[in-house]
Amino acid sequence: MTNKLRLGIPAGSLQEATAELFRKAGWKITFQSRSYFPDIDDPEIECLLIRAQEMARYVDAGILDAGLTGYDWICETHADVKEVAELQFSKVSRRPVRWVLCVPEDSPYQTVKDLEGKRIATEAVGLTKQYLEANGVNALVEYSWGATEVKAPTLVDAIVEITETGSSLRANKLRIIDTILQSTTRFIANHNSYKDEWKKAKIDDIAMMLKGAMAAEGRVYLTMNVPREALQTVLNILPALKNPTVSSLADDSWVAVNTIVGEKEVRDLVPPLKKAGATGLVEIAINKIID
């Protein structure tokens with residue numbers, strides 16, 4: 001019998017970003033219209049599309065062996081799962097997302113203490129109640145089924161909403177008065193699945209490749225030939241702590257210098273490197289960096 005890992009892929013806003021990360025890590029995930037079972041080019045993995053809000057519960061229950069979800073939803077559902085890796089990516093950027101307490105711009109409320117006895121709408125009811133309890137505030141917290149940003153002040157006094165850039169909050173004339181939780185994507189596993197030798201190895205391999213793909217983002221491989229007499233000048237130009245590799249060439253008066261740099265740094269590095277005597281400069285895209 002072939003070993004199989006049941007892997008949860010977050011449906012919705014993280015779906016395409018997750019597929020792109022897996023592509024860079026070496027797996028091709030293909031989504032079919034109206035199907036919750038994406039294809040993946042690995043016979044040892046079976047993918048299921050699950051909302052990120054529900055992922056941790058299904059992994060906790062053992063219905064899924066592993067999956068990707070936000071740290072916020074692990075906390076919200078009180079799921080008991082193994083956090084294998086932190087993967088700092090979201091639908092727009094590589095910044096963490098935040099759950100924030102917001103009020104209308106012209107609201108008199110300045111702190112959470114001002115919301116005593118008030119009404120708050122949110123999708124993260126558990127997180128919000130925990131936050132209010134920690135601050136000694138009693139307020140009515142109601143579940144929001146969507147369009148949370150437009151509910152204050154007509155329907156509620158405040159909202160707790162997730163934000164990545166803050167643009168939607170500003171567009172709806174909302175003011176942040178506190179951050180409840182900062183969250184990043186986590187690669188999680190069921191505890192029993194992670195005790196299984198084969199599944200643990202497969203999960204760890206996936207985590208390693210995903211982290212390698214993330215480590216390579218925004219970086220390129222820069223290689224060049226340098227006259228030995230100009231080597232120190234070239235090394236002084238390259239960013240500190242990059243530890244370039246220097247190799248001798250057939251002509252002993254020349255060396256090859258290879259290093260990894262930020263993609264945006266290349267435009268400022270190449271001209272002075274060329275002036276210092278470097279030739280044959282080649283910039284190569286990187287898919288993964290495995291430490």
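None of the values given here were measured: they were computed from a predicted structure.

Asks: Explanation requested: the overall build of the chain in the structure shown.
Replies: A tally of helices and strands in the chain yields 9 helices and 16 strands. Relative to the compact-globule value of 19 Å for 291 residues, the chain shows a C-alpha radius of gyration of 25 Å, a clear excess of over 25%. Excluding contacts between residues fewer than 6 apart, the proportion of contacts in the chain whose partners are at least 24 apart in sequence is 68%. Carbon and sulfur atoms provide 49% of the accessible area of the chain, an area that totals close to 15,300 Å².

Asks: Explanation requested: the sheet that holds strand β9 (residues 140-143) in the structure shown.
Replies: Strand pairing in a sheet takes place through backbone hydrogen bonds and is either antiparallel or parallel in direction. Overall, mixed pairing links the 5 strands, which are arranged β9-β8-β10-β7-β11 in an open sheet. Looking at strand neighbours, the two that pair on one side only are β9 and β11 (174-183), the edges of this open sheet. Across this sheet, the average inter-strand angle for adjacent strands is 25 degrees, counted without regard to direction. One ladder, built from 8 bridges, connects strand β7 (residues 97-104) with β11; its direction is antiparallel. In the strand pairing of β11, R98 is matched with Q182.

Asks: What is the right way to look at the pattern of salt bridges in this model?
Replies: Two side chains carrying opposite charge are able to pair once their charged atoms lie near each other. For the structure on display, the rule yields 13 salt bridges. For E46, the salt bridge is made with R6, and the minimal N-O distance between the two is 3.2 Å. With E46 in strand β4 (residues 45-51) and R6 in strand β1 (residues 5-11), the pair connects residues that are 40 residues apart, well separated along the chain. Overall, R6 belongs to the partly exposed group, its relative accessible area being 28%. One network of salt bridges, with partners in common, ties together D42, E44 and K202.

Asks: Please clarify how the pairing of β7 should be interpreted in this entry.
Replies: Across a regular strand the side chains alternate sides, sitting on one face of the sheet and then on the other. Taking burial as the measure, the 8 residues of β7 include 7 buried ones, the bulk of the element. Two strands pair when backbone bridges link them, and β7 and strand β10 (residues 158-163) are joined in this way by 5 bridges, in the antiparallel orientation. Among the inter-strand pairings, V100 is bridged to a residue of β10, identified as E161.

Rules behind the numbers
Residues numbered from 1 in each chain as written. Predicted model: local features only at pLDDT ≥ 70, side-chain atom pairs only at ≥ 80, totals over all residues. Heavy atoms only, no water. Helix = DSSP H or I, 4+ residues; strand = E, 2+ residues; numbered from the N terminus. Rg over C-alpha atoms; globule rule 2.2 N^0.38 Å. Contact = heavy atoms within 4.5 Å. Areas by Shrake-Rupley, 256 points an atom, 1.4 Å probe, with all protein chains shown as cover. Pairing = 2+ DSSP bridges. Axes fitted to C-alpha atoms, helices over the stretch in contact; angles between N-to-C directions. Salt bridge = Lys/Arg side-chain N within 4 Å of Asp/Glu carboxyl O. Buried < 20%, exposed > 50% of the residue type's maximum accessible area, 1.4 Å probe, protein only.

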